[in-house]
Amino acid sequence: MTVSPQDHAIFLPDEEATSALGSRLAELLQAGDTILLEGPIGAGKSHLARALIRTRLGRMEDVPSPTFTLVQTYDADPDIWHADLYRLGHPDEVLELGLEDAFASAICIVEWPDRLGVYTPDTALRLRLEASGEGRIARLSGGRPGLLTALGQS
């Protein structure tokens, strides 16, 4: 996997490459890490999240999109929280979901992170998926110190 040093962009030619990125991230994440998944509907956010969660759990697991439940949690070490905030009306609803506490102690994957407002973690990794020809490009920024460097070394 090659991470472009200029803009931390990764070309993902197919779903297999998207899954591979999710798996690689799963190996690097630790308690307190948050990934903010951005991109239009159908960009592959849930696909990437599913691969990350399954790799982290070390087994095939039914990983539904949390579109209607808003949050799905997975018992792991640390726990994994997968949130889809598309239906939130106000950032304060994040508090009702318990995400603020999860940001400190779990691995959190957040789809539609623009809904977080002021509750966006400072050290979150932003990962934007964009269509590019037959594939997509993942644009990464932020994250805890060393995370992007470690990803680029894979």
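Student: Just to check I follow, could you spell out the nonpolar core for this structure?
Tutor: By size, the foremost hydrophobic cluster in this structure holds 28 residues, and its most contacted members are Leu21, Leu25, Ile35, Leu127, Ala138 and Leu140. Of all the secondary-structure elements, those providing two or more residues to this core are strand S1 (9–12), helix H1 (15–28), strand S2 (34–38), helix H2 (45–57), strand S5 (107–111), strand S6 (125–132), strand S7 (135–142) and helix H5 (147–152). Sequence-distant contacts of Ala138, defined by excluding residues within four places in its chain, comprise His8, Ala9, Ile10, Leu12, Leu21, Leu127, Arg128 and Leu129.

Student: I tried to follow H1 on my own but got confused; where do I start?
Tutor: The α-helix advances 3.6 residues per turn, and as a result positions three or four apart in sequence lie on the same side. Spanning 14 residues, H1 covers 20 Å between terminal C-alpha atoms, matching the ideal 20 Å at 1.5 Å per step. All of the buried residues in H1 are Ala17, Thr18, Leu21, Gly22, Leu25, Ala26 and Leu28. Its buried side turned inward, H1 meets S1, S2, H2, S6, S7 and H5.

Student: It is not clear to me how the sheet that holds strand S4 (residues 80–84) should be interpreted in this structure. Could you clarify?
Tutor: In sheet architecture, strand pairing relies on hydrogen bonds along the backbone and comes in two forms, parallel and antiparallel. Taken in spatial order, the 7 strands of this open sheet run S1-S7-S6-S2-S5-S4-S3, and their pairing is mixed. Bordering the open sheet on either side are S1 and strand S3 (71–74), each of which pairs with just one other strand. Neighbouring strand axes in the sheet, compared pairwise and without regard to direction, differ in orientation by 20° on average. In terms of strand pairing, S3 meets S4 through 4 bridges, oriented antiparallel. Residue pairing across strands places Thr73 opposite Trp81, the latter belonging to S4. Packed onto the sheet, H1 meets S1, S2, S6 and S7 and runs at close to 135° relative to S1.

Student: Please explain unusual backbone geometry as it appears in this structure.
Tutor: Where the residue is not glycine, phi is negative for most of them; where a peptide bond is considered, it is trans in most cases. A cis geometry characterises the amide bond from Asp77 onward to Pro78, with omega recorded as -5°. Its location among the elements puts Pro78 in the loop between S3 and S4. Positive phi, close to 60°, is recorded for Trp112, a residue that is not glycine. If you trace the backbone, Trp112 turns up in the loop between S5 and S6. Assessed through its relative accessible area of 19%, Trp112 is described here as buried.

Student: It is not clear to me how the environment of Gln72 should be interpreted in this structure. Could you clarify?
Tutor: Position of Gln72 among the secondary structure elements: in strand S3. When its relative accessible area of 19% is taken as the criterion, Gln72 is described as buried. Sequence separation of Gln72 and Pro40 is 32 residues, and the distance between their C-alpha atoms is 21 Å.

Student: Before we go on, may I ask you to explain the confidence of the model for the protein in this structure?
Tutor: Low pLDDT marks regions whose predicted coordinates should not be analysed in detail. Averaged over the protein, the pLDDT score is 88; the fraction of residues at 70 or greater is 92%. Note on residues 1–6: pLDDT under 50 across the span, and 15 contacts to partners over four residues away in sequence or across chains.

Criteria and cut-off values
- Residues numbered from 1 in each chain as written.
- Predicted model: local features only at pLDDT ≥ 70, side-chain atom pairs only at ≥ 80, totals over all residues.
- Heavy atoms only, no water.
- Core = buried A, V, L, I, M, F, W, Y, C linked by side-chain atoms within 4.5 Å.
- Buried < 20%, exposed > 50% of the residue type's maximum accessible area, 1.4 Å probe, protein only.
- Helix = DSSP H or I, 4+ residues; strand = E, 2+ residues; numbered from the N terminus.
- Contact = heavy atoms within 4.5 Å.
- Expected span 1.5 Å × (residues − 1).
- Pairing = 2+ DSSP bridges.
- Axes fitted to C-alpha atoms, helices over the stretch in contact; angles between N-to-C directions.
- pLDDT = per-residue confidence, 0-100.

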